[in-house]
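# Architecture at a glance
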Amino acid sequence: MNQTIPIKSIINYIYHIGFRCAHRLAKIYWFFSNKTTEGAQVIVYMEENILLVRSSYRSQFTFPGGYIEKGETPIETAKRELFEETGIVAHENQLIFKE
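First, a word on scope: everything that follows refers to the structure included in this document. Numbers given for residues are sequential positions, taken from 1 along each chain in its written order. Per-residue local features of the predicted model are confined to residues with pLDDT of at least 70, and side-chain atom pairs are confined, for both listing and counting, to 80 or more; whole-chain, interface and lining totals are unaffected and use all residues. Note that water and hydrogens are dropped before the side-chain values are worked out from all heavy atoms of the structure.

### Focus on the overall build of the protein
Secondary structure elements are taken from DSSP: a helix is a run of H or I of four residues or more, a strand is a run of E of two residues or more, and numbering for both begins at the N terminus. For the protein, the helix and strand inventory stands at two helices and four strands. Ordered by position in the sequence, the α and β elements of the protein form the string α-β-β-β-β-α. A globule of 99 residues ought to have a C-alpha radius of gyration of about 13 Å, yet the protein, at 18 Å, is considerably larger. C-alpha atoms of the protein, sized along the principal axes, occupy 60 × 40 × 20 Å. We compute the radius of gyration from the C-alpha atoms alone; for a globule the expected value is 2.2 Å times N to the 0.38, where N is the number of residues.

See the structure below:
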């Protein structure tokens, strides 16, 4: 039997490997550049469940979150990252800020 691998699967695999390699290279750069960065993470509770996301460039599940952009507050970052990674729109009165 002649089995063929769909082109889409190959392309998706190449993108996946590319993102993982780029993330590892970025981590090495961040380690040696010694830049101080700040970020925000969001923990979403729904009854007894916690929301976790899995990025294309990481192998583990994490809370939605990311780096604070210039001129952005931690609350704005949390709202933006939650929307970017999950599509959930959170209002400030729904967020509890902890440092």
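### Details of the layout of surface pockets
Detection works on a 1 Å grid of protein atoms alone, calling trapped sets that fit a 1.4 Å probe cavities and calling open sets with protein on both sides within 12 Å along at least five of seven lines pockets, with lining residues defined by an atom within 4 Å of a point. Grid points are joined across faces, edges and corners, and a volume is the space filled by probe spheres set on the points. Empty space within the largest pocket amounts to approximately 690 Å³. Every residue lining the largest pocket is counted, 22 residues in all, and those nearest its centre are Q41, V42, I43, L95 and I96. Contributing elements (two or more residues each) for the lining of the largest pocket: β1 (39-41) and α2 (74-86). Gly counts as polar in this scheme, as do all residues outside two lists: the nonpolar Ala, Val, Leu, Ile, Met, Phe, Trp, Tyr, Cys and Pro, and the charged Asp, Glu, Lys and Arg. Residue classes in the lining of the largest pocket are distributed as 16 nonpolar, three polar and three charged. Looking at the second largest pocket, its volume works out to about 320 Å³.

### Observations concerning the nonpolar core
Buried Ala, Val, Leu, Ile, Met, Phe, Trp, Tyr and Cys residues form a nonpolar core when they are joined through side-chain atoms within 4.5 Å. Burial classes follow relative accessibility: with a 1.4 Å probe on protein chains only, a residue under 20% of its type's maximum area counts as buried, one over 50% as exposed, and anything between as partly exposed. By size, the foremost hydrophobic cluster in this structure holds six residues: A40, V42, V44, A78, L82 and A90. The contact criterion used is simple: two residues touch if any of their non-hydrogen atoms lie within 4.5 Å. Not counting residues up to four positions away in its chain, the partners in contact with L82 are V42, V44, L51, P64, G87, I88 and A90.

### A short note on a nonpolar patch on the surface
Together, I7, I10, I11, Y13, I14, Y15, I17 and F19 give the surface a local cluster of nonpolar side chains, amounting to about 830 Å² of exposed area. Among the secondary structure elements, I14 is positioned in helix α1 (residues 7-33). Here, patches come from residues exposed beyond 30% relative accessible area and free of salt bridges, joined within 9 Å for like charges and within 5 Å for nonpolar side chains (Val, Leu, Ile, Met, Phe, Trp, Tyr). Reported accessibility uses the Shrake-Rupley method at a 1.4 Å probe radius. Residues are deemed covered only where the shown protein chains occlude them. A side-chain nitrogen of Lys or Arg and a carboxyl oxygen of Asp or Glu constitute a salt bridge if their distance falls within 4 Å.

### Notes on the packing of aromatic side chains
Two descriptors summarise a pair of aromatic rings, namely the distance from one centre to the other and the angle between the planes of the rings. Stacked, edge-to-face and tilted labels apply to pairs of Phe, Tyr and Trp rings (six-membered ring for Trp) whose centres lie within 6.5 Å, assigned for plane angles under 30 degrees, over 60, and everything in between, in that order. Taken as a whole, this structure holds two aromatic pairs when the rule is applied. Ring geometry for W30 and Y67: centres 5.9 Å apart, planes at 65 degrees, overall edge-to-face. Here W30 is found in helix α1, whereas its partner Y67 is found in strand β4 (residues 65-67), with 37 residues between them in sequence. With relative accessibility at 39%, the residue W30 sits in the partly exposed group. Taking the relative accessible area as the measure of exposure, Y67 reaches 44% and is therefore partly exposed. Residues F31 and F32 carry aromatic rings whose centres are separated by 5.0 Å and whose planes lie at 85 degrees to one another, so their mutual orientation is edge-to-face. Taken as a pair, F31 and F32 share a single burial class, namely exposed.

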